[in-house]
Amino acid sequence: MNVAPGRVLIVDDEPHVRELLRDFLTTVGDEVATVATGAAALEAVPIFQPDVILLDMMMPGMSGADVLDALRRAGLNVPVILMSGHQAAMPEGCFAVLRKPFDLWKLAEVVAAAMDHGRTSRT
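Report on the accompanying structure. (Residues numbered from 1 in each chain as written. Predicted model: local features only at pLDDT ≥ 70, side-chain atom pairs only at ≥ 80, totals over all residues. Heavy atoms only, no water.)

1. With respect to the side chain of S84
Let me state the cut-off plainly: A run of DSSP states H or I qualifies as a helix once it reaches four residues; a run of E qualifies as a strand once it reaches two. Both are numbered from the N-terminal end. The classification of residues rests on relative accessible area computed with a 1.4 Å probe and restricted to protein chains. Under 20% of the type maximum is buried, over 50% is exposed, and intermediate values are partly exposed. Identification of polar contacts relies on pairs of N or O atoms within 3.5 Å, with a donor-acceptor requirement for protein atoms, meaning one able to donate a hydrogen and the other able to accept it, and with residues adjacent in sequence counted only if both atoms are side-chain atoms. Contacts between residues were defined by any pair of non-hydrogen atoms, one from each residue, lying within 4.5 Å.
With respect to the secondary-structure elements, S84 resides in strand β4 (residues 80-84). Its relative accessible area of 3% is what places S84 among the buried residues. For S84, the side chain forms a polar contact with the main-chain oxygen of H86, separated by 2.9 Å. Leaving out residues up to four positions away in the same chain, S84 has contacts with M57, L98, R99 and K100.

And the structure:
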């Protein structure tokens, strides 16, 4: 996993999940911001400018799929990794889907691959 650290936005309505993912990704060197809702994610993206978004699929209000759709309609192509506690199909425009619970090192690998993909597609 030789990818330069990046900026990761974590979007999950469960505080303990946000904290766990933030703490882990920070230890592997990434800069991390967290929000609890889809609407807050849409507000945070232009300010934080993440390289990757980790997005919970099932949240009150806007679902992960709704947020992904809003990002793509806005012309933002940042890689999005959806997280779900249930079996979920991979929506168009999504980099990956991780089924909860997942191994944190697997998460780090997927985040690194998404960052690499995002950086490659921008050049």
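2. Comments concerning unusual backbone geometry
Following K100, the chain continues to P101 via a peptide bond in cis, the omega torsion being -10°. In this model, Q49 sits at a positive phi of 50°, which is unusual for a non-glycine residue. Note on placement: Q49 falls in the loop between α2 (38-48) and β3 (52-56).

3. Observations concerning the nonpolar core
The condition that has to hold: Think of a nonpolar core as a cluster: buried Ala, Val, Leu, Ile, Met, Phe, Trp, Tyr and Cys residues, connected wherever their side-chain atoms sit within 4.5 Å.
In this structure, V8, L21, L25, L54, I81 and L107 are the most contacted members of the largest nonpolar core, which totals 20 residues. Of all the secondary-structure elements, those providing two or more residues to this core are β1 (7-11), α1 (15-27), β3, β4, β5 (96-99) and α4 (104-122). When residues of this core are assigned to their parent elements, the largest contribution, six residues, is made by α4. Every residue in contact with L21, bar those within four places of it in the chain, is listed here: I10, L54, M83, F102, L104 and L107. A41, V45, L68 and C94 belong to the second largest nonpolar core, which has 18 residues in total.

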